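Structural characterization, general
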Amino acid sequence: MNKKVRVAVFGASGYAGEELLRILLRHPDCEIVAITSRKNAGQPVSTVFPRYTGLNLHFCEPDAAAIAGKCDAAILALPHGTATEFAIPLLRSGIKVFDISADFRLKSPAKYKEYYKADHPAPELLKQAVYGLPERYREQLRTADLVACAGCYPTSSILPTAPLLAAKLASPEGVVVSSCSGVTGAGRKVDLAYIFPECNESVRPYSPAGHRHLPEIEQEMAFAAGVPEMAINFIPHLVPMNRGIHSTILLHAQPGCTLEKIAAAYEAAYGNEQFVRVLPQGRLADTKYVFMTNCCEIGYVMDPHTGRIILSSAIDNLTKGAAGQAVQCLNIRFGLPEAAGLI
């Protein structure tokens, strides 16, 4: 491909925005044409990210109409509720939109209202949006105009479980997901709960009932299992590291399930996937081995004492959980090598 894909990043001053810049600046087939930030409009990128001192790139106001005239794709690294405001005019202008927020991930407007405490501002777009998890929806992504990039916790939960649920090796009932996330998962903001003295040398759960990522995880697990809906326990934890997510997942094994069948299910699902690493039996996932990569690492064991399958997964929340996922989806949509900019 001779012509580069022109990319605008909305909300480029946050942690996911910084990661997008890191990836896109080395991407051989993409050109950054705009980075937006209301607070930093007019300032060089180095005022927020000193590592880019000397780079001729400035933040601008998030004017969707003006930016649409000079880009092919827009990546929205914006808070939920805000992303839709920009997605609508960008889509009307023919721009391909890759949204990192939660605005378009849920298919049910009622679920959105229940967990985000507001009516969805554009419910008609929920059916149009393709869920941005390439290992599950690659073919749909090839023609998508609106991509709802999968969340970080959901990615670490869905990739390990989907093949086993689809193969009927694990029951859709009684699923438990216990996840640990680095502090960047909370975003780039000043909040007492996330400052160093509050986080360091401490691990704590939060939102153990009703976390906003819960309906997204349940929706995609149910799709994989072929059932109308699922109800799971999802318990996230904050851990004192900058980036990374580890999820431990408990599933009830179905009669006849064996380690060999689990291995075969994973091979069928991910044997040709460059960003999913299924570990040999006996090895479990470790966040340090996916740090600043677009990879998901998966380990598995069976416990004959309880009849449970125990899964272990690790991702980098800012890469495979956000920016890398968006770029992987963009590569698919524009017919680029899927790993471009990511390895």
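Relevant structure appears above.
The structure presented is a predicted model; accordingly, all values stated were derived computationally and were not measured. (Residues numbered from 1 in each chain as written. Predicted model: local features only at pLDDT ≥ 70, side-chain atom pairs only at ≥ 80, totals over all residues. Heavy atoms only, no water.)

1. Concerning the sheet that holds strand β3 (residues 59-60)
Spatial ordering of the open sheet is given by β3-β2-β1-β4-β5-β7-β6, a layout of seven strands whose pairing is parallel. Each end of this open sheet is capped by a strand with a single partner; those strands are β3 and β6 (130-132). Summarising the sheet, strand β4 (residues 73-76) and strand β5 (residues 96-99) pair through four bridges and their orientation is parallel. Within the sheet, the bridge partner assigned to L76 lies in β5 and is D99. Contacts from helix α1 (residues 15-24) reach β1 (5-10), β2 (30-36) and β4, with the element oriented near 155° to β2. Strand contacts of helix α3 (residues 83-92): β1, β4, β5 and β7 (146-149), with the helix running at about 170° to β4, the strand carrying the most contacts. (Pairing = 2+ DSSP bridges. Helix = DSSP H or I, 4+ residues; strand = E, 2+ residues; numbered from the N terminus. Contact = heavy atoms within 4.5 Å. Axes fitted to C-alpha atoms, helices over the stretch in contact; angles between N-to-C directions.)

2. Section: the packing of α1 against helix α11 (residues 319-333)
Pairs of packed helices are described in terms of their axes, by the angle between the two and the distance that separates them. It is the contact of α1 with α11, at a shortest axis distance of 9 Å, that shows an interaxial angle of 45°. The angle between α1 and α11 places the two elements in the oblique class. Where α1 crosses over α11, the handedness of that crossing is right-handed. Residues A16, E19, L20, R22, I23 and L24 of α1 touch α11, and the partners they reach there are T319, A322, A323, G324 and V327. (Parallel < 35°, antiparallel > 145°, perpendicular 65-115°, else oblique. Left-handed = near helix turned anticlockwise from the far one by under 90°.)

3. So, the pairing of strand β10 (residues 233-238)
Consecutive side chains along a regular strand alternate between the two faces of the sheet. When strand β8 (residues 176-181) meets β10, the two strands line up parallel, connected through six bridges. Bridge pairing in β10 places C180 opposite H237. Two elements, strand β9 (residues 204-205) and β10, share two bridges in a ladder whose sense is antiparallel. Residue P205 lies in a different strand from β10, and its bridge partner there is H237.

4. Comments concerning helix α6 (residues 134-141)
Among the residues making up α6, those that are buried are P134, E135, Y137, R138 and L141. Seen end-on, α6 carries its buried residues on one side only, within an arc spanning 165°. (Buried < 20%, exposed > 50% of the residue type's maximum accessible area, 1.4 Å probe, protein only. Arc of directions from axis to C-beta.)

5. As for the sheet that holds strand β13 (residues 296-303)
Spatially, β9-β10-β8-β11-β14-β13-β12 is the arrangement adopted by the seven strands of the open sheet, whose pairing is mixed. The sheet is open, and its two borders are formed by β9 and β12 (276-278), each paired with just one other strand.

6. Comments concerning the pattern of salt bridges
Under the defined criterion, the tally for this structure stands at 15 salt bridges. One salt bridge in this structure joins K320 and E135, with 3.0 Å as the shortest N-O distance. Pair noted here: K320 is in helix α11 and E135 is in helix α6, with a separation of 185 residues, a long-range link. By the burial criterion, K320 is buried, and E135 matches it. Residue E139 pairs with R142 through a salt bridge whose shortest N-O separation is 3.1 Å. Salt bridges here are not isolated pairs; linked through shared partners, they connect E19, R22, R243 and D316. (Salt bridge = Lys/Arg side-chain N within 4 Å of Asp/Glu carboxyl O.)

7. Section: the side chain of E338
With respect to the secondary-structure elements, E338 resides in the segment after α11. At 2.9 Å, the side chain of E338 forms a polar contact with the side chain of R138. If near-sequence neighbours (up to four positions away) are discounted, E338 is found in contact with P134, R138, Q274, F275, Q328, N331 and I332. (Polar contact = N/O pair within 3.5 Å; in protein donor to acceptor, adjacent residues only side chain to side chain.)

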